[in-house]
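Chain by chain, the residues run as shown.
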Amino acid sequence: MAVDRYNAPEREKHWRKAWDDAEIFRTEEDTSRPKYYVLEMFPYPSGRIHAGHVRNYTMGDVVARYKRAKGFNVLHPMGWDAFGMPAENAAMERKVHPKGWTYENIAAMRSQLQAIGLSLDWSREVATCDVEYYHQQQSLFLDFFNKGLVYRKKSKVNWDPVDQTVLANEQVIDGCGWRSGAPVEQRELSQWFLKITAYADDLLAALDTLDGWPEKVRVMQRNWIGKSEGLLMQFALEGKGLPAKQKTLEVFTTRPDTIFGASFCAISPGHPLAATLAKKDKALKEFIAECQRMGTSEEDIERAEKKGFDTGLTAAHPFEEGVKLPVYVANFILMDYGTGAIFGCPAHDQRDLDFARKYELSVTPVVIPEGENPKKFDVGDVAYIGPGLLANSSFLDGMTVEAAKDEIAGRLEARGEGERKINYRLRDWGISRQRYWGCPIPIIHCKKCGAVPVPKENLPVELPEDVTFDVPGNPLDRHPTWKDAVCPICGMPSQRETDTMDTFVDSSWYFARFCAPRDNKPVNRKAVDYWLPVDQYIGGIEHAILHLLYSRFFMRALTDTGHAAIKEPFARLFTQGMVNHETYKDASGAWVPADEVRIDGESGQRRAFHVSTGTELQIGPVEKMSKSKKNTIDPDAIIAHYGADTTRWFMLSDSPPERDVVWSDEGVQGAWRFAQRLWRIVAEASENCAKKGAKQPDAFSPAAEELRRATHRMADAVSKNIENLRFNTAVAAIYGFANKFEAALQGQKTAKDASLNWAVREAAELVSQCIAPFMPHLAEECWARLGYNSLVAKQPWPGVEEALLVDDTITIAVQVNGKRRDELTVQRDAAQADIEAAALELDGVKRAIEGRAVKKIIVVPQRIVNVVA
RNA sequence: GCGGGUGUGGCGGAAUUGGUAGACGCGCUGGACUCAAAAUCCAGUUCUGGUGACAGAGUGUCGGUUCGAGUCCGACCACCCGCACCA
């Protein structure tokens, strides 16, 4: 037979057109079938698809195609997270318009995604920069506003004085703007906030119900929300320079039980009291300035010494007459947690202990671990934070920590000097950005009426297109006319809000929009009631907190504003691993792009050479693909060369989906070889097997029986592995089956066996269907080769004959004293006594026993025999 | 420091949840086909000893439970990730 090859790139185009023509991935609501919503995190349209996208979307596509074949009504949409800074940067650097740049990128990436053969319903495509989309987002903003979930307040922001914009914390590197390099300033600006803290407790509690989420993500969110239960308490202040209005100091503590161990109070350098005192105290002013100069990076904090400034003020101990605690300004007290003030109990808090040792304050243990003598217990340099009984604590002595907390809280509440309080780390979400390429905040500022929402009938507030990027700052703010508006209440000339929304707002509800992407309301209630929650969400771990927490918040806010009726948007979440690649450096130590490297594996030694110059390169470690290390690969080129199926198959082979995968040419070639091989196998099988639809024989020869068992076992394994997202083991099952199938084809040549011919046909059909989620084009090719005019993509998932999954005779291992010595093939339902007898007759067993007496024989049916001698 | 996770051949990884450790792939070794190469096919591939049948060792380390442990328990080691002066 001539060496035939499957021309993947050409045939793949053909099959994609066939799917498009048949419109088989278009989805409508259909209450007669169970629904399944599978979603991958939508991409930012940077311009090129990268390997990580391919991996992410392929996984989702396997699930989508499988579930569709299983009879589910599958929603599998795609869109674009299209607002954001890169478009404006491109505008500044290359003098292109953000809009044009973005839509061109979308067009390029759409065709790249289509070349992967994803079973997406493109009719539902949305880009967050579409006017229709941000129109609806503005409408949602107004609904949230009316529900009290939106407010405006002054807050501190990172301000880049050169680019004249607010920077996110992540964009501040070593205290300087990431783009301009200018030292970032702290500025007080009025910002819009979404009241995510209103849901803090529910967002936390509901994490326990998210069984389909990775534990890791739930833990991260739990920590981020950071709930702590404690007590707000008032200390009476006295001393020289005490402001007239400041009679008390309010602190937050989670350990009110340790109040009798308190030896000082401390306030943050940012505390209003510190500022007041600093007006009359130069030294304090300098100390505060010094604290503010100190960096807030991890390293700085790690190295920073605990430092304090004694204000000379004292705080009266609430339960010990005459005891006065010195009040310090201390560098380790954060202004934005609790009240920005604490009482220090050195024996039971490491920071307080470090501080106390430095300033020689008393350290009195008040919680004594079991077995320690309260009189002798000394914490040394390590604060004791474990359980124990109270001591040295007046009326608390002998109580447990919990009882003591309760006692103190009760007494202070009775005196009106304390209040139980739950504190969260979670802050409200500041969404104002001084940027052009984002969703305009639909507000009009009127001198008389204040910040007034734009009436819904006047939406959308559209972005103007005639903007300039030649100078830094917000183009909306300096636009000659766009700002002009009239107050919707009083009709006076007013100004539009020129801030736009954080792009995380855009991605917080797109999954709901996909349910009815052209609806004239933001969210179509009927559609979301049918489709939501997303049954399987797939994306990167980097969104563990922000995007996933914001979306959970939005789902609740949508429900509270009548747009939906559920709280959790994503029933199951899967976080896939990254795609890594080897790195290469030339003699000068410069990174060499991976696509300019040729690998030579001769004599077992992997060596790298530069393609054009031929010089040898140094092979570096495998690392995450990144532009800086030049170890990215362009999936487009691989798809053009080997085809989408090979790329998809490779992406799912070998590595478990949650772990990182290493992209290697050898691996891609292996996948390509297998695609070719499978095609040959099915082609050969189709040539001399039973005709399609031939009647099932009454009896099967042993060879046919064996092939059928292998076939059905494979189909069963593939189903179960896809259900559990264990794509790598599904792939392995198909490989294993291909080996058996090929052996059967060899046998078929010599045997004139009609039942084997039938089994070969069955095998060819089932394997074509089972590879369809992974290699959908090749599956169609095979299906056609088998004589069908229909599409595999429209076939139901093959049923498995349960009877073929269990063998009549089974081979079990026989151990002697726990070591495997032989094996035994018996009838599946063989009697225990027979197995015991047969086991003792085995050569390997006899040899191992060496004539010793058999003490005991353990027979685990269908599993193992263990002879104890 | 706190939290989460991972340790299995040369490599990526399997292992029906306590029952034949190393499926499947990559790589490598030998062979067939070929003038040659590519492609393809066949055989082998945990380590040690042995021509061999076979024997011994073996899932990060040490110990325990069990007829039997990669899997369960205890103590440790290493690496990765997240958070971090949160009172």
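This section reports on the structure supplied with the text. (Residues numbered from 1 in each chain as written. Chains lettered and ligands numbered in written order. Predicted model: local features only at pLDDT ≥ 70, side-chain atom pairs only at ≥ 80, totals over all residues. Heavy atoms only, no water.)

A look at the sheet that holds strand 6 (residues 165-167)
- In spatial order, the strands read 6-5-9-19; together these 4 strands make up an open sheet with antiparallel pairing. Sheet topology places strand 6 and strand 19 (429-430) at the edges, where each strand pairs with a single neighbour.
- Bridge analysis of strand 5 (residues 150-160) against strand 9 (residues 185-194) gives 10 bridges, and the strand direction is antiparallel. By the bridge assignment, Val150 is partnered in strand 9 with Leu194. (Pairing = 2+ DSSP bridges. Helix = DSSP H or I, 4+ residues; strand = E, 2+ residues; numbered from the N terminus.)

Some remarks on the sheet that holds strand 24 (residues 493-496)
- As summarised here, the arrangement of the 4 strands in space is 22-21-24-23, forming an open sheet in which the pairing is antiparallel. Edge positions in the sheet fall to strand 22 (450-453) and strand 23 (484-486), since each of these pairs with one other strand and no more. Across this sheet, the average inter-strand angle for adjacent strands is 45°, counted without regard to direction.
- In the sheet, strand 21 (residues 443-446) pairs with strand 22 via 4 bridges, with the strands oriented antiparallel. Paired with Cys446 across the two strands is Gly450, which belongs to strand 22. (Axes fitted to C-alpha atoms, helices over the stretch in contact; angles between N-to-C directions.)

Re the side chain of His712
- Residue position: His712 is located in helix 21 (residues 702-723).
- Note on His712: relative accessible area 2%, which makes it buried.
- With sequence-adjacent residues up to four places away left out, His712 is seen in contact with Glu762, Leu766, Gly799, Val800, Glu801, Leu804 and Leu805. (Buried < 20%, exposed > 50% of the residue type's maximum accessible area, 1.4 Å probe, protein only. Contact = heavy atoms within 4.5 Å.)

Describing the protein's contact with RNA strand B
- Neighbouring RNA strand B are 52 residues, the closest being Thr254, Lys306, Arg351, Arg726 and Lys819.
- Considering the 4 Å shell around the protein, atoms of RNA strand B inside it are sugar or phosphate in 64% of instances.
- A distance of 3.0 Å separates a base nitrogen of RNA strand B from a polar side-chain atom of Asp654.
- Measuring from a sugar or linking oxygen of RNA strand B, one finds a side-chain N or O atom of Ser655 at 2.9 Å.
- The element contributing the most residues to the surface near RNA strand B is helix 22 (residues 727-750), with 6 residues.
- Tallied by class, residues from the surface near RNA strand B come to 19 nonpolar, 13 polar and 20 charged. (Near = heavy atom within 4 Å. Polar contact = N/O pair within 3.5 Å; in protein donor to acceptor, adjacent residues only side chain to side chain. Nonpolar A, V, L, I, M, F, W, Y, C, P; charged D, E, K, R; others polar.)

Thoughts on helix 21
- End to end, helix 21 covers 32 Å across 22 residues, agreeing with the expected 32 Å (1.5 Å per residue, within 8%).
- Looking at the residues trailing helix 21, positive phi occurs at Leu725, about 55°. (Expected span 1.5 Å × (residues − 1).)

Describing the nonpolar core
- Among the nonpolar cores identified, the biggest contains 173 residues, and Tyr37, Phe511, Trp663, Phe741 and Phe774 are the most heavily contacted of them.
- Sort the elements by how many residues they give to this core and helix 23 (residues 754-771) lands first, with 10 residues.
- In this view, Phe741 contacts Ile681, Ala685, Leu707, Val760, Ala763, Ala764 and Val767; residues no more than four positions away in its chain are not counted.
- Counting 47 residues, the second largest nonpolar core, distinct from the first, contains Leu249, Cys265, Leu277 and Ile408. (Core = buried A, V, L, I, M, F, W, Y, C linked by side-chain atoms within 4.5 Å.)

A word on the packing of aromatic side chains
- Throughout the structure, instances matching the rule amount to 47 aromatic pairs.
- Both rings, one in Phe235 and one in Phe343, keep their centres 6.1 Å apart while their planes meet at 55°; by these two values the pair is tilted. Of this pair, Phe235 sits in strand 10 (residues 228-238) while Phe343 sits in strand 15 (residues 341-344), and the two are 108 residues apart along the sequence. The residues Phe235 and Phe343 share a single accessibility class, namely buried.
- Through a chain of ring-to-ring contacts, three or more aromatic side chains come together here, namely Phe144, Tyr199, Trp429, Phe504, Tyr550, Phe553 and Phe554. (Phe/Tyr/Trp six-rings, centres within 6.5 Å; stacked < 30°, edge-to-face > 60°.)

Some details on unusual backbone geometry
- Going from Leu459 to Pro460, the amide bond is cis rather than trans, its omega being 0°.
- Its location among the elements puts Pro460 in the loop between strand 22 and helix 13 (475-478).
- Cis geometry marks the peptide bond from Leu532 to Pro533; its omega dihedral reads 0°.
- Of note, Pro533 is situated in the loop between helix 16 (525-531) and strand 26 (536-540).
- Unlike most non-glycine residues, Ser394 shows phi in positive territory, near 50°.
- Within the fold, Ser394 resides in the loop between strand 17 (389-390) and helix 12 (401-415).

Considerations on the pattern of salt bridges
- Under the counting rule described, the total for this entry stands at 49 salt bridges.
- Where Arg255 meets Asp257, a salt bridge forms, and the shortest distance between an N and an O atom there is 3.0 Å. With respect to class, Arg255 is no different from Asp257; both count as buried.
- We note a salt bridge from Arg357 to Asp381, for which the minimum N-O separation is 3.6 Å. Pair noted here: Arg357 is in helix 11 (residues 350-359) and Asp381 is in the loop between strand 16 (367-368) and strand 17, with a separation of 24 residues, a long-range link.
- When salt bridges with common partners are traced through the structure, they connect Asp202, Arg552, Arg556, Lys567 and Glu568 into a single cluster. (Salt bridge = Lys/Arg side-chain N within 4 Å of Asp/Glu carboxyl O.)

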